[in-house]
Amino acid sequence: MTPIEWLVVVLVMGGLFFSLVAVIGIIRLPDLYTRAHATSKSDTLGTILSLAGVALVLGSDIAAAKTVFLLLFMLITNPTAAHAISRAAYDQDIEPWTTEEEGE
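Draft legend 1. Representation of the environment of threonine 44 within the structure. Tracing the chain through its elements places threonine 44 in helix α2 (residues 32-58). Residue class for threonine 44 comes out buried when judged on its relative accessible area of 5%. Considered as a pair, threonine 44 and alanine 63 are 19 residues apart in the sequence and their alpha carbons are 21 Å apart. Setting aside residues up to four positions removed in sequence, threonine 44 forms contacts with Thr39, Met74, Leu75, Asn78 and Pro79.

What follows is the structure, given as structure tokens:
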């Protein structure tokens with residue numbers, strides 16, 4: 001395997017790892033705010049790493065340029081969307097999860 005192929009494998013595997021972390025975060029975390037944090041950070045990083053691997057596979061083609069633009073779009077919009085969703089939940093008075101019991 002060439003060094004570029006190794007880099008593609010590392011990028012895609014890293015993307016899969018962070019996407020898996022995001023899925024586990026959605027399933028295991030208790031409330032909207034922590035789930036939004038897991039998806040905005042891990043899912044964005046996983047998507048960016050995977051798209052970087054795809055761009056390397058495509059080489060110097062117009063499709064690679066489009067993939068890089070998609071990568072930049074995801075980098076900007078994913079955290080912004082997660083912030084907007086969390087802000088809307090806060091404005092709707094959705095309380096974050098705490099460890100205190102209701103009777104206290």
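Text resumes after the structure shown.
Draft legend 2. Geometry of helix α3 (residues 62-91). Under the 1.5 Å per step criterion, the end-to-end length of α3 is 43 Å for 30 residues, consistent within 8% with the ideal 44 Å. Those residues of α3 not exposed but buried are Ala64, Thr67, Leu71, Met74, Asn78, Ala82, Ser86 and Ala89. The secondary structure elements touched by the buried residues of α3 are α2. Positioned one or two residues after α3, aspartate 93 has a phi angle of 65 degrees, which is positive.

Draft legend 3. Seen up close, the side chain of serine 42. Relative to the elements of secondary structure, serine 42 occurs in helix α2. Here serine 42 is in contact with Phe18, Ser19, Val21 and Ala22, once residues within four sequence places are set aside.

Draft legend 4. Spotlight on the pattern of salt bridges. Taken as a whole and assessed by the stated rule, the structure comprises one salt bridge. Across the pair arginine 87 and aspartate 91 runs a salt bridge, and its minimum N-O distance is 3.7 Å. Of this pair, arginine 87 and aspartate 91 both sit in helix α3, four residues apart, roughly one helical turn.

Rules of the game
Residues numbered from 1 in each chain as written. Predicted model: local features only at pLDDT ≥ 70, side-chain atom pairs only at ≥ 80, totals over all residues. Heavy atoms only, no water. Helix = DSSP H or I, 4+ residues; strand = E, 2+ residues; numbered from the N terminus. Buried < 20%, exposed > 50% of the residue type's maximum accessible area, 1.4 Å probe, protein only. Contact = heavy atoms within 4.5 Å. Expected span 1.5 Å × (residues − 1). Salt bridge = Lys/Arg side-chain N within 4 Å of Asp/Glu carboxyl O.

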